[in-house]
Amino acid sequence: MGEGRVAVRPVLADVGRINMLFAVRTSPPGDGWLCLGAPWTWAGVFAGEVARVREHLTRLSGVAEEQVEPRVAASVFYQGLATRVLSPVLAAGVCHGVLVEAARLWWDPHREGSVVLGTCQEEAVPVVGGMAGVADWIERTVLLGVLEQVAREVREVVKVAPGLLRGNIAASLAGAAGALGRDRPEYGAAAEEVTRDLLRRPCLEGSGGYTDTDQVGAAVFRRTTCCLYYRVRGGGYCGDCALEP
């Protein structure tokens, strides 16, 4: 192992215990897996994923497929992927001070259900600069790296407002920080610190913020846009929705 570098597998094994959204496989990627660092090479994948999510929402709501808008399916797909990428990177940085590389994550698009990720990364460098350093890393490598590239490709398939997709990222980030804090209260304040920092940065500015605290004193996030899930029959509003009273 290189000097000053840290083994990634034990870190991912630990944060993967928070819940399934934090889990990353550390075995070699299988046939058909796609590298998140190069989404522009995924010919036809995004159109297929939007169609798959649209079909799922159709079955869930019991309506005809034409009653589920493609932009709703695109939004739901994007938020799911954003949550899966942000969660382990945030947790590795906050809990272990280790920088997991989102561009070296692999995704299996052939799996039904939630997004399954793996990585070929064996070593990582430690965080420099505390929680501000974690925020810097997430901004550069996840928000302006992987997720911006994926958003560009998704919008080539379905016209979805950029601000809506930024709101999805903000909601995913706040959701990951909240889940981390509930499972590991000793890291809750640090995860919230990273989230607040990122929400102030130009890439997420205006997408949402912490507006209150709940019964147990945890910060409550509210986004400024809507993911459009309410437009699916029976979908309703998410707890952080701008449209929720």
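Computed from a predicted model, the values in this text were never measured in an experiment. (Residues numbered from 1 in each chain as written. Predicted model: local features only at pLDDT ≥ 70, side-chain atom pairs only at ≥ 80, totals over all residues. Heavy atoms only, no water.)

Caption draft 1: Region of interest: the environment of Arg222. Position of Arg222 among the secondary structure elements: in strand β7 (residues 219–223). Classification of Arg222 as partly exposed rests on a relative accessible area of 27%. Sequence spacing of Arg222 and Val76 is 146 residues, and the spatial spacing of their C-alpha atoms is 18 Å. Dropping the residues within four chain positions of it, Arg222 is found in contact with Gly208, Gly209, Thr211, Gly239, Asp240, Cys241, Ala242, Glu244 and Pro245. Engagement of the side chain of Arg222 in a polar contact is seen with the backbone oxygen of Cys241, the distance being 3.4 Å. (Helix = DSSP H or I, 4+ residues; strand = E, 2+ residues; numbered from the N terminus. Buried < 20%, exposed > 50% of the residue type's maximum accessible area, 1.4 Å probe, protein only. Contact = heavy atoms within 4.5 Å. Polar contact = N/O pair within 3.5 Å; in protein donor to acceptor, adjacent residues only side chain to side chain.)

Caption draft 2: View of unusual backbone geometry. Of note in the backbone geometry, Leu228 takes a positive phi value of approximately 80 degrees without being a glycine. For Leu228, the position within the fold is in the segment after β7.

Caption draft 3: Inspection of the pattern of salt bridges at higher detail. If you walk through the whole model with that rule in mind, you get 16 salt bridges. For the salt bridge of Glu55 with Arg59, the shortest nitrogen-to-oxygen distance reads 3.4 Å. Of this pair, Glu55 and Arg59 both sit in helix α2 (residues 45–61), separated by four residues, roughly a single helical turn. (Salt bridge = Lys/Arg side-chain N within 4 Å of Asp/Glu carboxyl O.)

Caption draft 4: Structural context of the packing of helix α3 (residues 70–96) against helix α4 (residues 130–157). Where α3 contacts α4, the axes come no closer than 10 Å and their chain directions differ by 160 degrees. Viewed along their axes, α3 and α4 adopt a mutual orientation that is roughly antiparallel. You can see that α3 and α4 cross each other, and the crossing is right-handed. Residues Ala74, Phe77, Tyr78, Leu81, Ala82, Val85, Leu86, Val89, Leu90, Gly93 and Val94 of α3 lie in contact with α4, whose contacting residues are Met131, Val134, Trp137, Ile138, Val142, Leu143, Leu147, Glu148, Val150, Ala151 and Val154. (Axes fitted to C-alpha atoms, helices over the stretch in contact; angles between N-to-C directions. Parallel < 35°, antiparallel > 145°, perpendicular 65-115°, else oblique. Left-handed = near helix turned anticlockwise from the far one by under 90°.)

Caption draft 5: View of α2. Over its 17 residues, α2 runs 24 Å from end to end, which matches the ideal 24 Å to within 8%, given 1.5 Å per residue. Those residues of α2 that are buried are in contact with β2 (34–35), α3, β3 (105–107) and α4. At the C-terminal side of α2, Gly62 shows a positive phi close to 70 degrees. (Expected span 1.5 Å × (residues − 1).)

Caption draft 6: Highlighting the packing of aromatic side chains. Under the defined criterion, the tally for this structure stands at six aromatic pairs. Residues Phe46 and Phe77 carry aromatic rings whose centres are separated by 6.2 Å and whose planes lie at 70 degrees to one another, so their mutual orientation is edge-to-face. Of this pair, Phe46 sits in helix α2 while Phe77 sits in helix α3, and the two are 31 residues apart along the sequence. Phe77 matches Phe46 in its accessibility class, with the two residues each being buried. (Phe/Tyr/Trp six-rings, centres within 6.5 Å; stacked < 30°, edge-to-face > 60°.)

Caption draft 7: A look at the pairing of β7. Here strand β6 (residues 208–213) runs beside β7; their pairing, made up of five bridges, is antiparallel. Looking at β7, one finds that Gly208 is bridged to Arg223. The turn joining β6 and β7, which pair antiparallel and follow one another in sequence, is formed by five residues; a positive phi near 90 degrees is taken by Gly217. (Pairing = 2+ DSSP bridges.)

Caption draft 8: Up close: the nonpolar core. Formed by 78 residues in total, the largest nonpolar core has its most connected members in Leu36, Trp107, Ile138, Val142, Leu143, Leu147 and Val194. Going through the elements one at a time, α1 (8–15), α2, α3, β3, α4, α5 (162–183) and α6 (188–199) are the ones with two or more residues in this core. Take this core: its biggest share by element is 15 residues, from α3. Not counting residues up to four positions away in its chain, the partners in contact with Leu143 are Leu86, Ile138, Glu148, Ile169, Leu198, Cys203 and Leu204. (Core = buried A, V, L, I, M, F, W, Y, C linked by side-chain atoms within 4.5 Å.)

Caption draft 9: Spatial organisation of the packing of α4 against α5. For the pair α4 and α5, interaxial distance at closest approach is 11 Å and the crossing angle is 135 degrees. As far as their axial angle goes, α5 and α4 are oblique. Classified by chirality, the crossing of α5 by α4 is right-handed. Seen from α4, the contacting residues are Leu143, Leu147, Ala151 and Arg155; seen from α5, they are Pro162, Leu165 and Ile169. Residues of the contact of α4 with α5, tallied by class, amount to six nonpolar, no polar and one charged. (Nonpolar A, V, L, I, M, F, W, Y, C, P; charged D, E, K, R; others polar.)

Nothing here speaks to function; it is geometry throughout.
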